[in-house]
Amino acid sequence: MNALNQILLEGNVVKSPELKTLPSGALLCTIPIAVNRKFKTSAGETQEEVSYFDVDTFGKIAEVCGKWAPTGRQIRVVGRLKQDRWKNADGKNQSKVKIIAEHVELLRPSKSQVEALESEKKQTAAMLAETANAAAAQQEAQEVTF
């Protein structure tokens, strides 16, 4: 019988995701996220703690996250914990726990991402308007010469 190993996290991408192809040919995207937790102390003061996690995604999810999960993006991850163990150069045992994503939701884009999208929309609209005006002017010029 398998023991339960499931985790649900919601946080923000803190660094650009790292996309790479493994020797097996599988696509891996590692997303570093920060998860904030607010709590009250026994004295009634509100405090905040931040935990940082590396989230590994594979295949199509990795491809999508590599493209659409830039720094600042809010993200929800359902996955499992995995502990990697190794010996360092001194022969000492080392370990690290990371999250293996089974489901990822890309939530609200950051304010700077929204501003960039708005700017891109405005540039596209300006380009289309300029192109339409140029085409209309060219058509008028051709009609006058005939």
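About the thresholds
- Residues numbered from 1 in each chain as written.
- Predicted model: local features only at pLDDT ≥ 70, side-chain atom pairs only at ≥ 80, totals over all residues.
- Heavy atoms only, no water.
- Helix = DSSP H or I, 4+ residues; strand = E, 2+ residues; numbered from the N terminus.
- Rg over C-alpha atoms; globule rule 2.2 N^0.38 Å.
- Contact = heavy atoms within 4.5 Å.
- Areas by Shrake-Rupley, 256 points an atom, 1.4 Å probe, with all protein chains shown as cover.
- Lys, Arg positive; Asp, Glu negative; His and termini not counted.
- Charge placed at Lys NZ, Arg CZ, Asp CG, Glu CD.
- Pairing = 2+ DSSP bridges.

What is the right way to look at the overall build of the protein chain in this model?
Looking only at helices and strands, the protein chain features two helices and six strands. Across the protein chain, helices and strands are ordered from the amino to the carboxyl terminus as β-β-β-β-α-β-β-α. Expected size for 146 residues packed as a compact globule is a radius of gyration near 15 Å; at 24 Å, the protein chain overshoots this value by more than 25%. Here the analysis covers contacts within the protein chain between residues at least 6 apart in sequence; of these, 56% occur between residues at least 24 apart. Only carbon and sulfur atoms are counted for the fraction: they give 53% of the accessible area of the protein chain, which is about 10,900 Å². For the protein chain, the distance from the average site of its 20 positive side-chain charges to the average site of its 18 negative ones is 9 Å.

Please clarify how the pairing of strand E1 (residues 7-13) should be interpreted in this entry.
Residues in a regular strand point their side chains to alternate faces of the sheet. Note that E1 and strand E5 (residues 74-87) share six bridges and pair antiparallel. Residue pairing across strands places Asn12 opposite Gln74, the latter belonging to E5. The sheet contact formed by E1 and strand E3 (residues 27-40) spans two bridges and is antiparallel. Within E3, the position partnered with Val13 by the bridge is Ile33.

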